[in-house]
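Okay, here's what each chain looks like letter by letter:
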Amino acid sequence: MTFRQFAYNNVLRNKRTYAAYFLSSSFSVMIFFVCALFLFHPDLQKEVMYRSAVLVLWAAEVIMYIFVFFFVIYSVGSFLRSRKREFGILLLHGMTEQQLRNLVFLENMLIGAGSLVSGIGGGLLLAKLFLLAGSNLLGVPQLAFHVSWPGLLLTLGAFSLLFLLISFCTTMLLGSHRLIELFQAEVKPARPPQASLALSLLAAGLLGASYLLAVTATASNVLIRMLPVTAMTIAGTYFFYTQLSVFLIQWVKRHLAYYWKKTNLVTVSSLAYRMKENARMFFLVTIISTITFCAVGAFASVNRLADQFEQDYLVEIAYVSKGDSEAADEYLEAIRAELASNGIAYRTLSLPILLAEVASSRPATTSERLPLISFADYKRLLAAAGIAVSENPPDEGEALLLLDSEREKPLLMQRKPVTYSFAGAPELLVREIGVTQHVALPENLTLDAGDDRGGSFSGLVVNDALLERLMAALAEENGGMPVDRFTGFYVDPPELTRGLAAELTDNGRVTYESGRPYAMTVSGTLAEVQRTTYRALLFFALLVGTVFFIAAGSFLYFRLYSDLAYDRRQYGALAKLGLTEKELTKIVTRQVGLLFFVPIALAIVHSLIAFKAMQSLFNFSVAWQTVLILASFLLVQVVYFFFIRARYLRNVKKAIR
């Protein structure tokens, strides 16, 4: 038998231990390859949304690749620690340290090559199914089966490099080669696990404080709290497993009426050791699962923003010319000509947007100029879109914030009112009293007003008489104020405008701050881009989230089977003392159940708290998406639990028969 055959046989002998790791790696390669198929698909590149989808695709590839690197290196390190006795036997029989390193290198390369071939093979077999599902979810015409060489080479090159690097790294993770330490690695007497009261209280305090900060977050401070809350939750989770869980188990053991009841003695006594030994694994599974739940849930909720699109874009083609732009008439004629050439009927509305220079504001703001429109023009904008106005006009000295998007409403509703005075007429004070009920002008068509923390808006809607007085005062003082002109093209249905004015816009939009002499939005194109972008985010979040979730499951599988030899000895000894198969099944079910569901349960709690905080950013409920996502992952975990439990019980029962 050659050295390579020996390495190959070693992998086969440990196939039960390596099974979940191999399948997780293969699945990761397959999903990476599927994303590459979408990335380089020629039919998708022709779609309007490709420019935004390609960013999502590359982000998914990079995130997955980085995660797989750390997942594989952690898994391999765990495997090496579980095989120390085997390495000791090999060294005892004359294997040199260099040969041992070569053996580990070859084994990892064999598993990596197998994962690469299996992953790409699985991707090719299921490519048509993924392309069909992706086409339906993205809302694009069905993508034909196409395997691009760049996608195939990217997958081969990226994962060949990854497995090669990790194979080199694992030779450095072998640690001590002293025979006595290698042979005693699996039989060292475990010291009774101890928990620090201070660290246990710290764990409870960190988790409690992070939950409190998250559930009390508002739209204005949720982003500020996000980083400290995340850090506190991660630290609290780590100390929960290493300290608080052991402390709670010790507390249970002091209640003898429960502890000595039937099989509880066996279950609870070994539970403290398992929690302490598996703390890092539980921590990783909890954090990975939380990230998965939150990412998929967040993108599922973001898709609800597409439902608000019609409210954000009441005008199908909106054009704002800056000041006295000489090219304004030329661009407007080009828009009219394109509408006419496509046989699209439309209505138009034109009105001025005044740019007032802010002399002072209380509380102070960063706005130097503010767009102003009269309440009469606000009503005209809504009437052109077929919306009846139910709002009362502001009095003199009052103004409404001109809402630029429904998603900004939660922030603007919490905004502290500001009072302005304007250059040329400092005696005329204008105070914010609320927010308009409708988005009369789409976002990015006017000067930026507001900020990310307090919410952005398109300008102020002021009393008609006040605007006239302000214009008159400025005309006497400065010869007038700068004026932009809005022109709206109203089309029914809005989908007819998809792809129009492509030469004038970038994917349906030109922002006011772009440096061009105009700002513009085309709702048909923007609706297509937004819809497909949000769906792409959800689709690829599901793929990446599935990789994360399966990886978390493989951690649990490996941890369980790494203790199999010890458990078989333990239950064999208990069987000689009278342990029945029914009692064994009860004990194993409890222990495996805790192993599988404690990390998932804590991840679900973390996710529910995160969704509660996220709710403050949205003007709609995310409860349905939250329940659906968490229930789906929990159902998969339950199925996985019963499958592993049956296999594990079958192996353990061999020890008592």
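Calculation notes
Residues numbered from 1 in each chain as written. Predicted model: local features only at pLDDT ≥ 70, side-chain atom pairs only at ≥ 80, totals over all residues. Heavy atoms only, no water. Core = buried A, V, L, I, M, F, W, Y, C linked by side-chain atoms within 4.5 Å. Buried < 20%, exposed > 50% of the residue type's maximum accessible area, 1.4 Å probe, protein only. Helix = DSSP H or I, 4+ residues; strand = E, 2+ residues; numbered from the N terminus. Polar contact = N/O pair within 3.5 Å; in protein donor to acceptor, adjacent residues only side chain to side chain. Contact = heavy atoms within 4.5 Å. 1 Å grid on protein atoms, 1.4 Å probe; cavity = no way out; pocket = protein on both sides within 12 Å on 5 of 7 lines; lining within 4 Å. Points joined across faces, edges and corners; volume = space filled by probe spheres on them. Salt bridge = Lys/Arg side-chain N within 4 Å of Asp/Glu carboxyl O. Axes fitted to C-alpha atoms, helices over the stretch in contact; angles between N-to-C directions. Parallel < 35°, antiparallel > 145°, perpendicular 65-115°, else oblique. Left-handed = near helix turned anticlockwise from the far one by under 90°. Nonpolar A, V, L, I, M, F, W, Y, C, P; charged D, E, K, R; others polar. Lys, Arg positive; Asp, Glu negative; His and termini not counted. Expected span 1.5 Å × (residues − 1). Bend = angle between axes of the 7 residues up to and from the residue. Pairing = 2+ DSSP bridges. pLDDT = per-residue confidence, 0-100. Patch = residues over 30% accessible without salt bridge, like charges linked within 9 Å, V, L, I, M, F, W, Y side chains within 5 Å. Areas by Shrake-Rupley, 256 points an atom, 1.4 Å probe, with all protein chains shown as cover.

A look at the nonpolar core
Alright, step 1. Residues F38, V72 and F540 are the most contacted members of the largest nonpolar core, which totals 107 residues.
Alright, step 2. A total of 15 residues in this core trace back to one element, the largest contributor, which is helix α19 (residues 523-562).

Things to note about unusual backbone geometry
With the exception of glycine, the majority of residues adopt a negative phi angle, and the majority of peptide bonds are in the trans configuration.
Alright, step 1. Here the amide bond leading from R362 into P363 is cis, since omega sits at -10°, within 30 degrees of zero.
Alright, step 2. With respect to the helices and strands, the residue P363 is situated in the loop between β2 (347-362) and β3 (369-374).
Alright, step 3. Residue D492 is joined to P493 through a cis peptide bond whose omega torsion reads 0°.
Alright, step 4. Along the chain, P493 falls in the loop between β9 (483-490) and β10 (509-510).
Alright, step 5. The backbone of A501 shows a phi angle near 55°, a positive value even though the residue is not glycine.
Alright, step 6. Relative to the helices and strands, A501 resides in the loop between β9 and β10.

A word on the side chain of T242
Alright, step 1. Inspection of the secondary structure puts T242 in helix α10 (residues 222-253).
Alright, step 2. A polar atom in the side chain of T242 sits 3.0 Å from the backbone oxygen of Y238.
Alright, step 3. Here T242 is in contact with K276 and A279, once residues within four sequence places are set aside.

Considering the layout of surface pockets
Alright, step 1. Its volume calculated, the second largest pocket comes out at about 760 Å³.
Alright, step 2. Lining of the second largest pocket is provided by 26 residues; of these, M226, T230, T290, C294 and A610 occupy positions nearest its centre.
Alright, step 3. For the lining of the second largest pocket, the secondary-structure elements that each account for two or more residues are α9 (197-215), α10, α13 (279-302) and α21 (581-615).
Alright, step 4. Looking at the lining of the second largest pocket element by element, the count peaks at eight residues for α10.

Quick word on the pattern of salt bridges
Alright, step 1. Summed over the entire model, instances satisfying the criterion amount to nine salt bridges.
Alright, step 2. Of the charged contacts, one joins R336 and E333 as a salt bridge, the two residues approaching to 3.1 Å between their closest N and O atoms. Within this pair, R336 and its partner E333 are both found in helix α15 (residues 328-341), separated by three residues, close to a single helical turn.
Alright, step 3. Of the residues examined, E333 reaches a relative accessible area of 47% and is grouped as partly exposed.
Alright, step 4. A salt bridge links E406 to K409; the nearest nitrogen and oxygen atoms lie 3.4 Å apart.
Alright, step 5. For K409, a relative accessible area of 18% corresponds to the buried category.

Remarks on the packing of α21 against helix α22 (residues 623-653)
Alright, step 1. The geometry of α21 relative to α22 is characterised by a closest axis approach of 10 Å and an angle of 160° between their N-to-C directions. Our classification of the angle between α21 and α22 gives roughly antiparallel. The way α21 lies across α22 gives a crossing that is right-handed.
Alright, step 2. Looking at the contact of α21 with α22, its residues break down into 19 nonpolar, seven polar and three charged.

Concerning the side chain of D312
Alright, step 1. If you trace the backbone, D312 turns up in helix α14 (residues 309-312).
Alright, step 2. One buried charge, D312, has no salt-bridge partner; the nearest side chain with opposite charge is R407, at 4.7 Å.
Alright, step 3. Looking at D312, its side chain comes within polar contact range of the side chain of S405, at 3.1 Å.
Alright, step 4. Polar contacts involving the side chain of D312 include one to the main-chain amide nitrogen of E406, which spans 2.8 Å.
Alright, step 5. Ignoring anything within four residues of it in the chain, the contact list for D312 reads S405, E406, V439 and P442.

Some thoughts on helix α12 (residues 264-277)
Alright, step 1. Counted at 1.5 Å a residue, the expected span for α12 with its 14 residues is 20 Å, and the 20 Å between its end C-alpha atoms agrees.
Alright, step 2. L271 marks the point of greatest bend in α12, at about 30°.

Re the pairing of β3
Alright, step 1. In terms of burial, β3 is largely enclosed, as five of its six residues are buried.
Alright, step 2. As judged from the three bridges shared by β3 and strand β8 (residues 455-462), these two strands associate in the parallel manner. Looking across to β8, one finds that L372 is bridged to L460.

Looking at the packing of α10 against α21
Alright, step 1. Where α10 meets α21, the axes come as close as 12 Å, and the angle between the chain directions of the two elements is 165°. As the angle between them shows, α10 and α21 are arranged roughly antiparallel. Crossing geometry of α10 relative to α21 is assigned as right-handed. Contacts between α10 and α21 pair V222, T233, T237, F240 and Y241 from the former with V598, P599, L602, H606 and A613 from the latter.

Structural notes on the environment of S148
Alright, step 1. Relative to the elements of secondary structure, S148 occurs in the loop between α6 (97-138) and α7 (149-170).
Alright, step 2. With a relative accessible area of 6%, S148 lands in the buried category.
Alright, step 3. Distance from S148 to L39, taken between C-alpha atoms, is 9.4 Å for residues 109 residues apart in sequence.
Alright, step 4. With near-sequence residues (within four places) excluded, S148 lies in contact with A36, L37 and F40.

Some words on the confidence of the model for the chain
Alright, step 1. When the pLDDT values of the chain are averaged, the result is 81; 91% of them are 70 or greater.
Alright, step 2. Confidence, read as mean pLDDT per element, is least for helix α8 (residues 179-183) in the chain (58) and greatest for α9 (92).

As for empty space enclosed by the protein
Alright, step 1. Enumeration according to the criterion identifies three cavities of 30 Å³ or more in this entry.
Alright, step 2. Here the largest cavity is characterised by a volume of approximately 80 Å³.
Alright, step 3. Along the walls of the largest cavity sit L271, R274, M275, N278, F282, L560, D567, Q591, V592, L594, L595 and Y648, which together make up its complete lining.
Alright, step 4. Residue classes in the lining of the largest cavity are distributed as eight nonpolar, two polar and two charged.

Re a nonpolar patch on the surface
Alright, step 1. The grouping of Y8, L12 and L110 at the surface amounts to a nonpolar patch, some 270 Å² of accessible area in total.
Alright, step 2. Secondary-structure assignment places L110 in helix α6.
Alright, step 3. Look at L110 and you get partly exposed, because its relative accessible area is 36%.

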